[in-house]
Amino acid sequence: MYFPGTRGYKGAWQETIAAAEHYNDPGRFTAFIGFEWTSNTGGNNLHRNVIFRDNGDKASLVEPYTVYPPFGSDNPAGLWQWMDAYEKKTGGSVLAIAHNGNLSNGLMFPIIEAFGRKIDREYAETRAKWERLYETTQTKGDGEAHPYLSPNDEFADFEKWDKGNLDGSVAKKKEMLEFEYARSALKHGLKLEQALGTNPYKFGLIGSSDAHTGLAAMEEENFFGKTTPQEPGPKRMTETFFSDPKTGVTIMDWEVAAAGYAAVVGHGEYAGSHLGPRCSAGRPTRPPGRA
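These numbers were taken from a predicted model, which means no experiment stands behind them.

For the rest of this paragraph, the subject is the nonpolar core. Core analysis: the biggest nonpolar cluster contains 37 residues, and F35, V50, F52, L79, W82 and M83 have the highest contact counts within it. Mapped by element, the contributors of at least two residues to this core are α1 (7–23), β2 (33–37), β3 (48–52), α3 (76–90), β4 (94–99), α4 (121–130) and α5 (182–196). At 6 residues, the largest contribution of residues to this core is made by α3. Sequence-distant contacts of M83, that is, excluding residues within four places in its chain, are made with V94, L95, A96 and W130. Ranked by size, the runner-up nonpolar core spans 10 residues in total, among them L103, M218, V249 and A258.

Right, dumping it as structure tokens:
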């Protein structure tokens, strides 16, 4: 596989940066430079989108952090260390946005232990610093609430993917749910703050598409799917998105949700921007970097 330092890895990153720089048009369209850190060990989703506030002159000084040792790690703490090193090296600014905790099988919002390490004040402070946003709804199910956790909320039963982890290799258990959903994380964060002095789960909420089609067609009446197999067609109702015969966990193409958007509020004359899944239509508030 490609890994940091190889020609292919570096080339792909430089092409990504070049595309964002080419289409970035301050005042009309903000194209953020970023990559996805795709931790998925055992099929348990711990993905983060890593978004740079900087232009290509700083982003090009590094290469994306990977999940494969010895060049990376599947532990989010390793990603946070990489982000810290980036900011110290470049003077830049970077943000990690976790998503799809509903497919982590109880690993996204730990309260006692994470990767064999006790949840302590250092963990809480580090996570709170680097992960100030959480992507709570996406094509792969809504991650705000679950009817088991919020039985009196009729909206908690919206676009659920609660059958298993990301590839269906491990079926879901009810005791996993409270460590996967944003509403529970907000409550657990308050308890951790009382014990540790810092709330690791004090985050803002956004929605995103996770669409891989290149289309911004997210509305229910005009949804073109996550990937090309889910685009409108006669097989959309009968084809599977993924299925594991050992666990019986199956997600159909029609269960891929139309997902969401994020909203950005700026300052002064720039206020009221509307943000799509990966780009802003508002003027950046701190040029020449990204908004």
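To continue, consider the pattern of salt bridges. Under the criterion given, the structure shown has 14 salt bridges. Measuring nitrogen to oxygen at the nearest pair gives 3.9 Å for the salt bridge that ties D84 to K129. Here D84, found in helix α3, pairs with K129, found in helix α4; they are 45 residues apart in sequence, far enough to count as distant. The partner of R121 in a salt bridge is E125, with the nearest N and O atoms 2.8 Å apart. Pair noted here: R121 and E125 are both in helix α4, with a separation of 4 residues, about one helical turn. On the accessibility criterion, E125 (37% relative accessible area) is partly exposed. Ionic contacts of the salt-bridge type, sharing partners, join the residues R48, R127 and E131 into one network.

In this section: the packing of α3 against α4. The interhelical angle for the contact between α3 and α4, taken along N-to-C directions, is 60 degrees, at an axis separation of 10 Å. Our classification of the angle between α3 and α4 gives oblique. Crossing angle aside, the handedness with which α3 passes α4 is left-handed. On α4, the residues that touch W80, M83, D84 and E87 of α3 are Y123, T126, R127, K129 and W130. When the residues that make up the contact of α3 with α4 are grouped by side-chain class, the tally is 4 nonpolar, 1 polar and 4 charged.

Now for α3. Over its 15 residues, α3 extends 21 Å from the first C-alpha to the last, a length consistent with the 21 Å expected when each residue adds 1.5 Å. Every buried residue of α3 is accounted for by P76, A77, G78, L79, W80, W82, M83, Y86 and T90. On its buried face, α3 sits against β2, β3, α2 (56–59), β4 and α4. For α3, the N-terminal capping position is held by N75, with its side-chain oxygen 3.0 Å away from the main-chain nitrogen of A77. Directly beyond the C-terminal end of α3, a positive phi value near 75 degrees is found at G91.

To continue, consider unusual backbone geometry. With omega at 5 degrees, the peptide bond leading from P69 into P70 counts as cis. Although it is not a glycine, N105 adopts a positive phi angle of roughly 55 degrees. Relative to the helices and strands, N105 is located in the loop between β4 and β5 (113–114). Despite not being glycine, A259 shows a phi value in the positive range, around 65 degrees. Counting through the fold element by element, A259 comes out in the loop between β11 (249–252) and β12 (262–263).

A few words on the environment of A114. Turning to its location among the elements, A114 is positioned in strand β5. Residues A114 and P76, 38 residues apart in the sequence, show an inter-C-alpha distance of 9.4 Å.

Turning to α4, its buried residues are Y123, A124, R127 and W130. An end-on view of α4 places all buried positions within 150 degrees of arc, on one side of the element. Here the buried face of α4 lies against β3, α3, β4, β5, β6 (117–118) and α5. N-cap assignment for α4: the residue whose side-chain oxygen lies 3.3 Å from the backbone N of E122 is D120.

The next subject is the packing of aromatic side chains. Overall, the coordinates contain 17 aromatic pairs when judged by the stated rule. Here W80 and Y123 contribute two aromatic rings whose centre-to-centre distance is 5.5 Å and whose plane-to-plane angle is 65 degrees, an arrangement assigned as edge-to-face. Residue W80 is found in helix α3, and its partner Y123 is found in helix α4; the two are separated by 43 residues along the sequence. Y123 matches W80 in its accessibility class, with the two residues each being buried. A centroid spacing of 6.0 Å and a plane angle of 55 degrees characterise the contact between F241 and F242, whose relative ring orientation is tilted. Looking at F241, the relative accessible area reads 22%, which means it is partly exposed. Ring pairing ties together the aromatic residues W13, F35, F52, Y65, W82 and Y86, which thus form one cluster.

Reading the values: the criteria
The residue numbering used here restarts from 1 in each chain and proceeds along that chain's sequence as written. Where local features are concerned, this predicted model is filtered to residues with pLDDT of at least 70; where side-chain atom pairs are given and counted, the filter is 80 or more; whole-chain, interface and lining totals use all residues. Excluding hydrogens and water, the side-chain values take into account all heavy atoms of the structure. Side-chain atoms within 4.5 Å link the members of a nonpolar core, which is a set of buried Ala, Val, Leu, Ile, Met, Phe, Trp, Tyr and Cys residues. Categorising residues by exposure relies on relative accessible area from a 1.4 Å probe, with only protein chains included: less than 20% of the type maximum marks a residue as buried, more than 50% marks it as exposed, and the intermediate range marks it as partly exposed. Strands are runs of DSSP state E lasting at least 2 residues, helices are runs of H or I lasting at least 4, and numbering of each runs from the N terminus. Contacts are assigned to residue pairs that have any heavy atoms within 4.5 Å of one another. Take a side-chain nitrogen of Lys or Arg and a carboxyl oxygen of Asp or Glu: if they are within 4 Å of each other, that pair is a salt bridge. Comment: axis = line fitted to C-alpha atoms, over the contacting stretch for helices; angle = value between 0 and 180 degrees taken between N-to-C directions. Relative orientations are named as follows: roughly parallel for angles under 35 degrees, roughly antiparallel for angles over 145 degrees, roughly perpendicular for angles from 65 to 115 degrees, and oblique for any other angle. By convention the crossing between two helices is left-handed if the near helix lies anticlockwise of the far one by an angle smaller than a right angle, and right-handed if it lies clockwise. By the convention adopted, Pro, Cys, Tyr, Trp, Phe, Met, Ile, Leu, Val and Ala count as nonpolar, Lys, Arg, Asp and Glu as charged, and the other residues, Gly among them, as polar. The span one expects for a helix is its residue count, reduced by one, times 1.5 Å. Polar contacts, as counted here, are pairs of nitrogen or oxygen atoms within 3.5 Å of one another; within protein the pair requires one atom able to donate a hydrogen and one able to accept it, and residues that are adjacent in sequence qualify only if both atoms are side-chain atoms. The arc refers to the directions leading from the helix axis to the C-beta atoms. Each aromatic pair joins two rings of Phe, Tyr and Trp (for Trp, the six-membered one) with centres within 6.5 Å, and gets the label stacked for planes under 30 degrees apart, edge-to-face for over 60, and tilted for any other angle.

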